[in-house]
Amino acid sequence: MKISIRKLQALLDDAVASGLECGCQLAIYENGELVADLCSGYTTPEQTQKVMSDTLFPVFSVGKGMFSSAAHRLVEKGVLTYSTRIGDLWPEFDCSGKEHVLLWHILTHRGALFRDPEWKTYEELADWELMCDRVAAMRPEWQPGTRCHYHPHTFAWLLGEPLVRADGRNLPQILKDELIAPLKLEKEMYFGLDDDAADRLAPLDSSRAPSELEYVRRLASPAIQRACIPSFNGIMSARAIA
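Everything quoted here is computed from the prediction, not taken from an experiment.

Chemist: Just checking my understanding: could you explain the overall build of the chain for this structure?
Modeler: Counting its regular elements, the chain contains twelve helices and five strands. Taken over C-alpha atoms, the radius of gyration comes to 19 Å for the chain, in line with the 18 Å a tight globule of 242 residues would show. Along the first, second and third principal axes, the C-alpha set of the chain runs to 55 × 40 × 35 Å. Counting every position in the chain, which comprises 242 residues, the buried fraction comes to 43%. Here the contacts in the chain between residues at least 6 apart in sequence split such that 69% fall between residues at least 24 apart. Summed over all atoms, the accessible surface of the chain reaches about 12,400 Å², with 51% contributed by carbon and sulfur. For the chain, the centre of its 26 positive side-chain charges and the centre of its 34 negative side-chain charges are spaced 4 Å apart.

Here it is, written out as structure tokens:
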């Protein structure tokens with residue numbers, strides 16, 4: 001594949017100049033080699049800080065793919081299987097019509113548990129054990145495994161807690177050991193920010209999405225950004241995604 005870095009940079013610069021983008025990154029790998037690592041614009045409309053290659057962006061549900069890869073790694077290692085019954089790992093979950101939920105049902109969004117459990121504060125939402133307790137008490141919307149329906153938030157606890165129970169490590173450690181460290185992305189991929197990463201984070205701007213204001217506020221909350229909720233709070237660079 002022949003890549004014109006000059007043309008790609010021009011595309012990014014044009015998008016920023018047009019006002020469609022405030023700032024952006026582009027990374028391309030070819031056969032494992034980074035062949036394009038570009039950026040343009042600023043992290044905020046005030047144009048006080050330029051976007052750099054190590055600038056971090058909230059990527060919302062993009063993190064689900066990386067999160068799922070960690071699950072596949074554990075299956076590959078024999079820690080659990082796609083047919084593992086969730087209730088065998090998580091006894092509190094084994095009730096209210098969830099007795100036949102399997103790991104593959106969760107991975108393919110067929111768990112019928114897509115509605116958020118009750119929460120009132122961002123601190124509650126960031127409390128892993130509390131949210132797992134509430135998910136474990138939920139009742140499926142229909143027979144699990146029979147229909148696909150996207151699980152935007154509950155995917156974190158439905159997949160993460162079985163991995164923790166089967167493996168013994170906490171979820172941040174699983175993600176680090178199975179995904180982030182092997183790819184050498186310790187400074188580029190986060191499911192829970194540290195202080196250094198927070199300084200490199202491009203803030204969320206809801207001006208183009210007023211109907212999603214609450215969702216943006218949620219993702220902008222420090223309590224959420226510093227938690228590990230990999231169904232929706234991934235924060236990373238373009239290089240990490242690539």
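Continuing now.
Chemist: Which parts of the structure should I look at to understand the state of the cysteines?
Modeler: Note on terminology: a disulfide is the covalent bond linking the sulfur atoms of two cysteines. Taken as a whole and judged by the stated rule, the model has zero disulfides. This cysteine, Cys-228, is not joined by any disulfide, and Cys-132 carries the nearest cysteine sulfur, 11 Å off.

Chemist: Looking at this structure, how should I read the environment of Leu-201?
Modeler: Structurally, the position occupied by Leu-201 is in the loop between helix 9 (195-199) and helix 10 (213-220). Each C-alpha atom, one on Leu-201 and one on Ile-235, is 8.1 Å from the other, the two residues being 34 residues apart in sequence. If sequence neighbours within four positions are ignored, Leu-201 has contacts with Leu-56, Phe-57, Pro-58, Leu-193, Gln-225 and Ile-235.

Chemist: Just to check I follow, could you spell out the pattern of salt bridges for this structure?
Modeler: Pairs may arise between side chains of opposite charge once their charged atoms sit close together. Tallying each qualifying case throughout the model produces 15 salt bridges. Note that Arg-239 is salt-bridged to Asp-37, the shortest N-O span being 2.8 Å. With Arg-239 in helix 12 (residues 238-241) and Asp-37 in strand 2 (residues 33-41), this residue pair connects regions lying 202 residues apart in the sequence. Residue Arg-239 is classed as buried on the basis of its relative accessible area, which comes to 18%. The network of salt bridges with common partners includes Arg-73, Lys-77, Asp-167, Arg-169, Asp-177 and Glu-178.

Chemist: Help me understand the side chain of Thr-84 in this model?
Modeler: The residue Thr-84 is located in the loop between helix 2 (63-76) and helix 3 (86-89) in this model. Judged by relative accessible area, Thr-84 falls into the buried class, the value being 14%. A polar contact is formed between the side chain of Thr-84 and the backbone nitrogen of Thr-81, at a distance of 2.9 Å. In contact with Thr-84, other than residues within four places in its own chain, are Leu-89, Val-101, Leu-102 and Leu-103.

Chemist: How should I be thinking about the nonpolar core in this particular structure?
Modeler: It is characteristic of soluble globular proteins that their nonpolar side chains tend to be buried jointly. By size, the foremost hydrophobic cluster in this structure holds 47 residues, and its most contacted members are Phe-93, Trp-157, Leu-159, Leu-163 and Met-189. Counting residues per element, the ones that place at least two in this core are helix 2, helix 3, helix 4 (103-107), helix 6 (128-136), helix 7 (155-167) and helix 8 (171-180). The residues contacting Trp-157, other than those within four sequence positions of it, are Trp-90, Leu-125, Trp-128, Met-131, Cys-132, Val-135, Pro-162 and Ile-229. Listed in part, the six residues of the second largest apolar core include Tyr-190, Leu-193, Ala-197 and Ile-235.

Chemist: Which parts of the structure should I look at to understand unusual backbone geometry?
Modeler: Excluding glycine, residues mostly carry a negative phi; peptide bonds, for their part, are mostly trans. For Asn-31, which is not glycine, the phi torsion reads 50° and is therefore positive. The topology assignment puts Asn-31 in the loop between strand 1 (23-30) and strand 2. Its identity as a non-glycine residue notwithstanding, Lys-184 has a phi of 60°, on the positive side. Tracing the backbone through its elements, the reader meets Lys-184 in the loop between helix 8 and strand 4 (189-190). In this structure Lys-184 comes out as exposed when scored by relative accessible area, which is 69%.

Chemist: What is the right way to look at the environment of His-100 in this model?
Modeler: Note that His-100 resides in the loop between helix 3 and helix 4. Taking the C-alpha atoms as reference points, His-100 and Phe-67, separated by 33 residues in sequence, lie 23 Å from one another.

Chemist: Where do I start with the sheet that holds strand 5 (residues 234-236) in this structure?
Modeler: Across a sheet, strands are paired by hydrogen bonds formed along the backbone, either parallel or antiparallel in direction. One open sheet holds the three strands; their spatial order is 3-5-4, and the pairing between them is antiparallel. Edge positions in the sheet fall to strand 3 (57-60) and strand 4, since each of these pairs with one other strand and no more. As paired strands, strand 4 and strand 5 are joined by two bridges and run antiparallel to one another. Within strand 5, the residue paired with Tyr-190 across the bridge is Ile-235.

Definitions and cut-offs
- All chains use their own residue numbering, which begins from 1 and follows the written sequence.
- For this predicted model, a pLDDT threshold of at least 70 governs which residues receive local features, and a threshold of 80 or more governs which side-chain atom pairs are given and counted, while totals over whole chains, interfaces and linings are taken from all residues.
- Processing note: side-chain calculations cover all non-hydrogen atoms of the structure and skip hydrogens and water entirely.
- Here a helix means four or more residues in a row that DSSP labels H or I, a strand means two or more in a row labelled E, and each is numbered from the N terminus.
- With C-alpha atoms as the basis for the radius of gyration, the globule rule is written as 2.2 Å multiplied by the number of residues raised to the power 0.38.
- Categorising residues by exposure relies on relative accessible area from a 1.4 Å probe, with only protein chains included: less than 20% of the type maximum marks a residue as buried, more than 50% marks it as exposed, and the intermediate range marks it as partly exposed.
- Pairs of residues are marked as contacts when any of their non-hydrogen atoms sit within 4.5 Å.
- Only the protein chains shown count as cover for residues, and the accessible areas themselves come from Shrake-Rupley with a 1.4 Å probe.
- His is not counted, nor are the chain ends, whereas Lys and Arg count as positive and Asp and Glu as negative.
- A charge is said to be at NZ when it belongs to Lys, at CZ for Arg, at CG for Asp and at CD for Glu.
- Two cysteine sulfur atoms form a disulfide, by the criterion used here, when they sit within 2.5 Å.
- When a carboxyl oxygen of Asp or Glu lies within 4 Å of a side-chain nitrogen of Lys or Arg, that pair is called a salt bridge.
- By the criterion applied in these results, polar contacts are pairs of N or O atoms within 3.5 Å in which, for protein atoms, one can donate a hydrogen and the other can accept it, and in which residues neighboring in sequence qualify only through two side-chain atoms.
- We define a nonpolar core as any set of buried Ala, Val, Leu, Ile, Met, Phe, Trp, Tyr and Cys residues linked to one another through side-chain atoms lying within 4.5 Å.
- Following DSSP output, two strands are said to pair if at least two bridges run between them.

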